[in-house]
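Letter by letter, the chains look like this.
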Amino acid sequence: MSQDHRSLPRSRQRSGAGTRPRVGMPLVQFAPVKAGVAACRLLRGRGNAVSQGWYLFTSADQFQACAAHDELRFSDPLQLSKLRVEFEAALGAASASGPSLEAPGPGAKHGRRS
Amino acid sequence: MVAAADATAALEAIGCLDDCSDMPGLLVQLFEATAALGARACIYAVAIPEDEQESSCLAMFACDPAFAQDQLMRGPIPQHPWFRFARTRSLAATDADLPAASEHDRATVELARHHGFASCLILPTATQVGLERLDVLCLGSDQARWFERDESRTTRLLAPSLAAALNAWFTRHLRQALRSAAQLSEADLCLLAYERQGLGTKAISSRTGQTEAAVDSRFQRLNHRMNCSSRAASARRAAEYGLLDRLDRV
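These lines cover the structure that appears in this document, whether it is placed above or below.

What counts, and where the lines are drawn
Residues numbered from 1 in each chain as written. Chains lettered and ligands numbered in written order. Predicted model: local features only at pLDDT ≥ 70, side-chain atom pairs only at ≥ 80, totals over all residues. Heavy atoms only, no water. Helix = DSSP H or I, 4+ residues; strand = E, 2+ residues; numbered from the N terminus. Expected span 1.5 Å × (residues − 1). Buried < 20%, exposed > 50% of the residue type's maximum accessible area, 1.4 Å probe, protein only. Contact = heavy atoms within 4.5 Å. 1 Å grid on protein atoms, 1.4 Å probe; cavity = no way out; pocket = protein on both sides within 12 Å on 5 of 7 lines; lining within 4 Å. Points joined across faces, edges and corners; volume = space filled by probe spheres on them. Nonpolar A, V, L, I, M, F, W, Y, C, P; charged D, E, K, R; others polar. Core = buried A, V, L, I, M, F, W, Y, C linked by side-chain atoms within 4.5 Å. Pairing = 2+ DSSP bridges. Axes fitted to C-alpha atoms, helices over the stretch in contact; angles between N-to-C directions. Salt bridge = Lys/Arg side-chain N within 4 Å of Asp/Glu carboxyl O. Arc of directions from axis to C-beta. Phe/Tyr/Trp six-rings, centres within 6.5 Å; stacked < 30°, edge-to-face > 60°.

Here's the deal with unusual backbone geometry
Apart from glycine, the bulk of residues carry a negative phi angle, and the bulk of peptide bonds sit in the trans form. Residue and element names in this part refer to chain B. Of note, the phi angle at Arg145 is positive, near 55 degrees, even though the residue is not glycine. With respect to the element layout, Arg145 can be found in the loop between β5 (134-141) and α6 (153-181). For Gln183, which is not glycine, the phi dihedral falls at a positive 50 degrees.

Some remarks on helix α2 (residues 23-36) of chain B
All names here are of chain B. Between its terminal C-alpha atoms α2 stretches 20 Å, which fits the 20 Å expected from 14 residues at 1.5 Å a residue. Summarising burial for α2: 14 of the 14 residues are buried, a large majority. The positive-phi residue at the C-terminal boundary of α2 is Gly38, with phi of around 80 degrees.

Some thoughts on the side chain of Asp105 of chain B
Note that Asp105 of chain B resides in helix α5 (residues 103-113). Excluding residues within four positions of it along the chain, Asp105 of chain B makes contact with Pro81 and Arg84 of chain B.

With respect to empty space enclosed by the protein
Residues and elements named next belong to chain B. Summed over all chains, the structure comprises one cavity of 30 Å³ or more. Elements represented by at least two residues in the lining of the largest cavity include exactly β1 (41-49), α4 (81-87) and β5. Class assignment of the residues belonging to the lining of the largest cavity gives a composition of seven nonpolar, one polar and no charged.

Side note on the nonpolar core
Residues and elements named next belong to chain B. In terms of nonpolar packing, the biggest core is built from 68 residues, with Leu137, Leu139, Leu162 and Phe170 touching the most fellow members. Among the elements that line this core, the one with the most residues is α6, at nine residues. Setting aside residues no more than four positions away along its own chain, Leu139 makes contact with Leu37, Ala39, Ala41, Cys42, Phe117, Ser119, Cys120, Leu121, Phe147, Thr155, Ala159 and Leu162.

Describing the sheet that holds strand β4 (residues 119-125) of chain B
The strand order β1(A)-β2(A)-β3(A)-β2(B)-β1(B)-β5(B)-β4(B)-β3(B) describes an open sheet built from eight strands, whose pairing is mixed. Both edges of this open sheet fall to β1 (27-33) of chain A together with β3 (93-94) of chain B, since each of them pairs with a single strand only. Where β1 of chain A and strand β2 (residues 36-44) of chain A come together, seven bridges link them in antiparallel fashion. If you follow Val28 of chain A over to β2 of chain A, its bridge partner there is Arg41 of chain A. Each of β1, β2 and β3 (50-57) of chain A together with β1 and β2 (55-62) of chain B touches α2 of chain B; the most contacted strand, β2 of chain B, lies at about 50 degrees to it. Together, β1, β2, β4 and β5 of chain B form the strand contacts of α6 of chain B, whose direction differs from that of β5 of chain B by roughly 140 degrees.

Observations regarding the pattern of salt bridges
All names here are of chain B. In total, this model carries 16 salt bridges over all chains according to the counting rule given. We note a salt bridge from Arg113 to Asp95, for which the minimum N-O separation is 3.4 Å. Taken together, the residues span a long stretch of sequence, with Arg113 in helix α5 and Asp95 in the loop between β3 and α5 at a distance of 18 residues. For Asp188, the salt bridge goes to Arg218, with nearest N and O atoms at 3.1 Å. In this pair, Asp188 is assigned in helix α7 (residues 186-196) and Arg218 in helix α9 (residues 212-226), connecting sequence segments 30 residues apart.

Focus: helix α8 (residues 201-208) of chain B
Residues and elements named next belong to chain B. Looking only at α8, the buried set comprises Thr201, Ile204 and Ser205. Projected onto a plane normal to the axis of α8, the buried residues spread over an arc of 105 degrees and lie on a single side. Exposed residues lying more than 90 degrees from the buried face of α8 are Lys202 and Ser206. Against α7, α9 and α10 (231-240) lie the buried residues of α8. The first or second residue beyond α8 is Gly209, which carries a positive phi of 75 degrees.

Focus on the packing of aromatic side chains
What describes a pair of aromatic rings is the distance from one ring centre to the other and the angle between the planes of the rings. All chains considered together, the criterion is met by twelve aromatic pairs over all chains. Within the aromatic cluster, the residues linked to one another by ring pairs are Phe30, Tyr55, Phe57, Phe63 and Phe87 of chain A.

In short, geometric facts, not functional conclusions.
Right, dumping it as structure tokens:
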């Protein structure tokens, strides 16, 4: 699974895609989607072990709430600054590609997208 | 307030999972399916053993990203009490069926309760006999014991379809990812299938028409590409990633 983050379509690859994270050091990457920005938290373990957690930011406010959390920046303020820039770029790309950043939920439209 | 499941919308959203070409797209579709099922939140996680001690894990969180982030920082999803519980079950269960928890487990579940998992439906997905990969779907509701009520019947009936669709999607994804990463040809997969069947070098040599030295040499190169220490470990890894499904009886 260590190559998963490299297998995204070019349109969804982010800066840093292809960066191999160090063991035990989480790497957060973003990908613009119609509903907002998908985030992937990648963590390499020993040997072939890799953990990926995917979640979705539907707004900049949600990202700010998470960014306020100490561990997102991994004790490294530069990392948080870099993540902010990457998130904003992904959010911009998501806004440009879709009509709105509608949050999925009970009121959201269901079904196949054209 | 709990939204009722919309069976038609849920089936359509589940059907669309198959069209997703990557993980971000799948995540968005999982949000849609979750909402159509009348659930407030959803986690789908896949754990694949890589060796005796370590596992790889893929988890999708169709819920509050702050919760996802908190949960991921608490530890690997396979150590979550719901996931550990699912490993002991073959049928769907609810969080009410969980055995008495440790302090750490209680804190982990309490975190989820504040983020759309006041009650939870836990669905383990069966994998092939002899393999240890485990897929688990957890659907959450804002209301306690929601999944034990009659009103949630449609959700309970359709949730296994969602779990099966996700299991199929991840199986295809994992196969492709490992095959591409380790550059495995059909001939390589046949070799690994023979190893999985317990054939030794001599037997493989006679079946493939290659010399024994050539078979050993091919396994050495395969192990290097698979990043495994032995041919048995390579074959096991290929099997766990679903690469040997079609080749069990070569």
